[in-house]
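Architecture and fold: a report
One letter stands for each residue in the lines below.
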Amino acid sequence: SVPADKKIVILNKLNKNPKISKKICGECAENVLSSVINKSEEVKSREKKEDLLAPELLCLDTVAETKWTRASALATKSFENLRNEYELKDISEDQFTKAISDIACVAGPDTVMVLSSYLDFLNKSTETGNAPAKDVVLSVINSLGELGDNRAFDFIYAATSLDYPAEVVEAAKSAITKLKW
């Protein structure tokens, strides 16, 4: 029930204290992430939404670090909000790529399709000459490769034939080899 800035302070103290178990850190991060997502859906003003970004990113980092898979649905749900904030330039490319890998660390059943859908969007943007940031594409492709779900094949394979930098094409080829059939 404390304001967002206080939640950040509390989570940071929990994360830095070696006497606090990872279970408690993960559970607290899950609870805060849930409240942040719920509050974000209620809030209409941009300024209030921006106040919720820092705790959301910190919670994702914490659940990924603690491998708190119980928060997988929440983490996946947060992707659309973070994508919108990235597109509005409210979070940086680095923050967004980190969030993508954090979400993949605690992936749930829907995560592959959410990330695959986003890769499809990035591929279509590339086809129309609106090349996305290389690091964002790499983060999505690498995350899908690590997840190993073959439902991502079509989207990753499409990236190998588009006008992406060589590094992205190589990452896509590598990701395809990691898919489980």
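Heads up: the structure comes first, above all this text.
Our subject in this report is the structure included herewith. Here the residue numbering is sequential within each chain, running from 1 through the sequence in written order. A pLDDT threshold of at least 70 governs which residues receive local features in this predicted model, and a stricter bar of 80 or more applies before side-chain atom pairs are shown or counted, although totals over entire chains, interfaces and linings include all residues. Heavy atoms throughout the structure, all of them, feed into the side-chain values; hydrogens and water do not.

Describing the overall build of the chain
Put simply, the rule reads: Helical segments are the DSSP runs of H or I of at least four residues, strand segments are the runs of E of at least two, and each set is numbered from the N terminus. Note that the radius of gyration is over C-alpha atoms, with the globule rule given as 2.2 Å times the number of residues to the power 0.38. We call a residue buried when its accessible area falls under 20% of the maximum for its residue type, exposed when it is over 50%, and partly exposed in between, using a 1.4 Å probe and counting protein chains only. We call two residues contacting when some pair of their heavy atoms lies within 4.5 Å. Method for areas: the Shrake-Rupley scheme with a 1.4 Å probe, in which residue coverage is limited to the protein chains shown. Two residue types count as positive, namely Lys and Arg, and two as negative, namely Asp and Glu; His and chain ends fall outside the count. Every charge is mapped to an atom, namely NZ of Lys, CZ of Arg, CG of Asp or CD of Glu.
Helix and strand counts for the chain come out as nine helices and zero strands. Across the chain, helices and strands are ordered from the amino to the carboxyl terminus as α-α-α-α-α-α-α-α-α. Over its C-alpha atoms the chain spans a radius of gyration of 17 Å, differing by no more than 12% from the 16 Å that the globule rule assigns to 181 residues. For the C-alpha atoms alone, the extent of the chain along its principal axes is close to 50 × 35 × 25 Å. For the chain, with 181 residues in total, the buried portion stands at 45%. In the chain, of all internal contacts separated by at least 6 residues, the share reaching a separation of at least 24 is 73%. Here the chain has roughly 9500 Å² of accessible surface; of this, 53% comes from carbon and sulfur atoms. When the 24 positive and 28 negative side-chain charges of the chain are each reduced to one mean point, those points stand 7 Å apart.

Some words on the nonpolar core
Basically, it comes down to this: Side-chain atoms within 4.5 Å are what join buried Ala, Val, Leu, Ile, Met, Phe, Trp, Tyr and Cys residues into a set we call a nonpolar core.
Of all hydrophobic cores here, the largest spans 50 residues; its most connected members are Phe 96, Ile 141 and Ile 156. When residues in this core are grouped by element, the largest group, seven residues, is from helix α3 (residues 46-65). Not counting the four nearest positions on each side in its chain, Ile 156 is found in contact with Leu 119, Leu 144, Ala 172, Ala 175, Ile 176 and Leu 179.

So, the pattern of salt bridges
Stated formally: For this document, the term salt bridge refers to a Lys or Arg side-chain nitrogen within 4 Å of an Asp or Glu carboxyl oxygen.
By the definition in use, this model includes 12 salt bridges. Glu 65 serves as the salt-bridge partner of Lys 22, at 3.3 Å between the closest nitrogen and oxygen. Linking Lys 22 in helix α2 (residues 22-42) with Glu 65 in helix α3, this pair joins segments that are 43 residues apart in sequence. Residue classification places Lys 22 among the partly exposed residues on the basis of a relative accessible area of 46%. Between Arg 70 and Glu 27 there is a salt bridge, with its nearest N and O atoms 3.9 Å apart. Of this pair, Arg 70 sits in the loop between α3 and α4 (72-87) while Glu 27 sits in helix α2, placing them 43 residues apart in sequence. On the accessibility criterion, Arg 70 (51% relative accessible area) is exposed. The exposure class of Glu 27 is partly exposed, given its relative accessible area of 28%. If you follow the salt bridges from partner to partner, you end up with Lys 23, Glu 27, Glu 30 and Arg 70 in one network.

With respect to helix α6 (residues 111-127)
Heads up, the rule is: One less than the number of residues in a helix, times 1.5 Å, gives the span that helix is expected to have.
Compared with the 24 Å implied by 1.5 Å per residue over 17 residues, the 24 Å span of α6 between its first and last C-alpha is a close match. Gly 129 sits one or two positions beyond α6 and adopts a positive phi of about 90°.

A closer look at unusual backbone geometry
Positive phi, normally seen in glycine, also occurs at Lys 67, with a value near 55°. A positive phi angle, close to 70°, is found at Lys 89, a residue other than glycine.

Points about the side chain of Lys 7
Within the fold, Lys 7 resides in helix α1 (residues 4-16). Non-local contacts of Lys 7, meaning those with residues more than four positions away in its chain, are made with Val 2, Val 32 and Ser 35.

Regarding the packing of aromatic side chains
The condition that has to hold: In summary, the pairing rule links any two rings of Phe, Tyr or Trp, Trp by its six-membered ring, whose centres are within 6.5 Å, and it sorts them by plane angle into stacked for under 30 degrees, edge-to-face for over 60 and tilted for everything else. Definition used: whenever NZ (Lys) or CZ (Arg) falls within 6 Å of the ring centre and also within 35 degrees of the ring normal, the charge is taken to sit over that ring.
Inspection of the entire model under this criterion finds seven aromatic pairs. Between Phe 79 and Tyr 118, the aromatic rings sit 5.3 Å apart at their centres with planes inclined by 70°, giving edge-to-face as the arrangement. On the criterion of sequence distance, the pair formed by Phe 79 in helix α4 and Tyr 118 in helix α6 is long-range, its members being 39 residues apart. For the residue pair Phe 79 and Tyr 118, the accessibility class agrees, reading buried in each case. Taken together, the ring pairs connect Phe 79, Tyr 86, Phe 96, Tyr 118 and Phe 121 into an aromatic cluster. The ring of Phe 121 carries Arg 83 above its face, with NZ or CZ at 4.4 Å from the centroid. Its end group placed over the ring of Tyr 86, Lys 89 keeps NZ or CZ at 6.0 Å from the ring centre.

As far as function goes, none of this settles anything; it's purely spatial.
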